[in-house]
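# Geometric and topological summary
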Amino acid sequence: MNSGFTDILLLLAMAVVLVWAFRKIKLPAILAYLVAGIVAGPDVLAWISDPDEYHFVAELGVVLLLFSLGLEFSLPKMIAMRGQVFGLGAGQVLLCTALFAVLAVFFVNDWTTAFIVGCTLALSSTAVVIKQLGESSQLTSKKGQLTVAVLLFQDIAVVPMLIIIPLLASNSDISMWESLGYALLKGTGVVIVLMAIGKWVLPHVFREIAKLRTDELFVLATLLVALVAGGMTHLFGLSMALGAFLAGMMLGESKYKHQLEADIRPFRDILMGLFFITVGMQLDFNVFVANLHWIIAIVIAVGLIKLFVVRALAGIMDERKEDAWGAGLMLFQMGEFGFVLASLALSFQLLEASVASMLVGVGVFGMALTPLVIQRCRNVVDFILRKQDEDDGVGLPQPNDERSRVLILGFGRVGQTVARFLTNEGIDYLAIDHDAKRVQEAVAGGSKVFFGNAVRRDILQAVHADEAELIIISFADDERALDVLKAIRHINEHAEIIVRSRDDMRLKAMMEAGATQVVPDTLEASLMLVSQILSRSGIPIRKILSRLDQARRSHYGEMHGFYPGETTDMNPEKLDRLQFLHAVALPQNAFACGKKLIDLALDDLNLQIKSVRRGDQEFSEVHGDFALQHDDVVLLAGGPRAIEAGESYLLNG
């Protein structure tokens, strides 16, 4: 049997076993991939003697990850974020590089080596951080946007770093500046070409492909676009990931963005797993064990410096304290491009082998800690802010987001309708949904939603389902609803449970499993569900009937619009008939800041503003004289094309 095939088979088997084991003990899958790489690498079992053989294939995972990110960050949003990218991002790279270089020179006694160490440690991991932000539904949060802005500039900054390192070996100042200028010229040209192709060519190509209704062709075209864009930037001396990001950003303004994202996801996740395995393979295990105390100390020191640098810069830019601390915390690790810089410097004999091995150890150890740090980010930031307020003599209230007397299981269209009515009546609720995309959108829009599988008792206990007075199962999956009912009744016997069902075929089974009320499907059924919830929440019946009558007379106007998720049908022919909800955060230099709604005339774009969230306040009824401010989150309702046009208009005019 071919040895390469055997190696891949062994890696795949180990990855399956380790991911299963790590998920059983509630640890992130990334850690399992890193461990698989360390075990299979040259220093432990030596299944893979040369990890570089797999590095190019693994790098495709990063390319597809950045392509997906580009789909989320459209061109108008990027233009609006230019201050964060070139302000916060540039400041972080320059300051951290300088600080790390100054500190490193005391240990290596050479400014060239110290400069390379500074560049390497200043970068953070785009692959790990963005993947974890997406999984934890923090990508569209303010601290998530600040983090992504810094990561994007770091990816741009890698280009001059890769040019400078070979030139340091030749000690030619003139050739260095000439090379940097030439690289800047090439980079500008390829970016303009990619943006032009993405804006005026690709939408027509995908429209013709969509007409054929061939899923395989759509998937192939998506992969081809991502890889060709990455190949073009690589050919001109830029990173492949940057090209893929630009291609995704251009296609993010088309009506095919959701289908593209769904098609690319399986390939992206598999290749990302292989990427993290190759990262683990690069670790020199003997050096790591012998210098573990120094590696831990360096990771902590680097993390603290990055934390305070980002916090200070974000504070200068008038960002909220919690967002500034959160972004700094997420960027504490060394990134995958650090491995590239260390390897290049080693080949030019600008780094000693022992120093390069230490840097790889710092990078792998930091990446391994990143998922845990991002998961605990909110708790750490709350602790920092609480300590600050205690020093100032001010006490912070304890957060209670995970406790509510009304629990909604499933945040699809019906669950969102229920939540909307509860909010109108001032009734506190909490929702759980297992669609990461939907949770991400809903959290950005101000809804209290947590990601999780409601069948699992540990998830239910985490949100205090044992204390809830009223529980609504809103998804139309009768088999799963029965499993959830049994899980709830195991920990809560007193709660009233209202269940949505497709029909009455399983009504008896659901009642026997512990349901208090079973409600049929359709829009009218969702109104009946709301009436039961409001009644059991103590709202007078006349007020309930008035609300329902108002909803019917407005042709279910309150029920129009929903947060799309991964399971939403994104068929291009049906897409224009759907009404979506989408949250748009207004940065400081957005076009709409300071303007009244009557002046913006969003009705001309067939858009409706459902609400405006300003800090801890939410304005559910906004009129023409309402003026928008920076950092407002505007919840738009309308068709996909209208929402994309409206977001571009609010951000850039």
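Here the structure is shown first, and the text comes after it.
Structural notes, computed from the coordinates. The shown structure was predicted, so the numbers you read here are calculated from the model rather than taken from an experiment. Numbers given to residues run from 1 along each chain, matching the order in which its sequence is written. Residues qualify for local features only when their pLDDT is at least 70, as the model is predicted, and side-chain atom pairs are given and counted only at 80 or more; totals for whole chains, interfaces and linings, by contrast, use all residues. With hydrogens and water stripped out, all remaining heavy atoms of the structure feed into the side-chain values.

### Thoughts on the sheet that holds strand 7 (residues 580-585)
A strand pair is defined by DSSP finding two or more bridges across the two strands. Strands here are runs of E lasting at least two residues and helices are runs of H or I lasting at least four, both read from the DSSP assignment and numbered beginning at the N terminus. The sheet built from four strands is open, its strands ordered 7-10-8-9 with antiparallel pairing. Unpaired on one side and paired on the other, strand 7 and strand 9 (617-619) mark the two borders of the sheet. Pairs of neighbouring strands in the sheet enclose a mean axial angle of 20 degrees, with direction left out of account. Of the pairings in the sheet, the one linking strand 8 (residues 608-614) to strand 10 (residues 633-638) comprises five bridges and is antiparallel in character. What sits directly across from Ser611, in strand 10, is Leu635. In the packing of helix 21 (residues 436-444) onto the sheet, contacts are made with strand 7, strand 8 and strand 10, and the angle to strand 7 comes to roughly 55 degrees. A fitted line through C-alpha atoms represents every axis, and for helices the fit uses only the stretch in contact; the resulting angles, taken between N-to-C directions, go from 0 to 180 degrees. Contact definition: two residues touch when any of their heavy atoms are within 4.5 Å.

### As for helix 17 (residues 336-347)
Note that an α-helix has 3.6 residues per turn; residues three or four places apart therefore point the same way. Taking 1.5 Å as the rise per residue, helix 17 with 12 residues should run 16 Å; its terminal C-alpha atoms sit 17 Å apart, in good agreement. Of the residues one or two after helix 17, Gln349 is the one with positive phi, at around 60 degrees. Take the number of residues in a helix, subtract one, and multiply by 1.5 Å to get its expected span.

### Notes on the packing of aromatic side chains
Stacked, tilted and edge-to-face pairs are distinguished by plane angle, under 30 degrees for stacked and over 60 for edge-to-face with tilted covering the rest, among Phe, Tyr and Trp rings (Trp via its six-membered ring) whose centres lie within 6.5 Å. Counting across every chain of the model gives five aromatic pairs. Judged by centre distance (6.2 Å) and plane angle (50 degrees), the ring pair of Phe288 and Phe365 falls under tilted. Pair noted here: Phe288 is in helix 14 (residues 285-290) and Phe365 is in helix 18 (residues 353-375), with a separation of 77 residues, a long-range link. Here Phe591 and Tyr649 contribute two aromatic rings whose centre-to-centre distance is 5.4 Å and whose plane-to-plane angle is 50 degrees, an arrangement assigned as tilted. With Phe591 in the loop between strand 7 and helix 28 (597-600) and Tyr649 in helix 29 (residues 640-652), this pair connects stretches of sequence that are 58 residues apart. Taking NZ or CZ as reference, Arg480 lies 4.2 Å from the ring centre of Phe475, over its face. It is Lys595 that lies over the ring of Phe591; its NZ or CZ is 4.2 Å from the centre. Think of it as a cone above the ring: NZ of Lys or CZ of Arg counts as a charge over the ring if it is within 6 Å of the ring centre and within 35 degrees of the ring normal.

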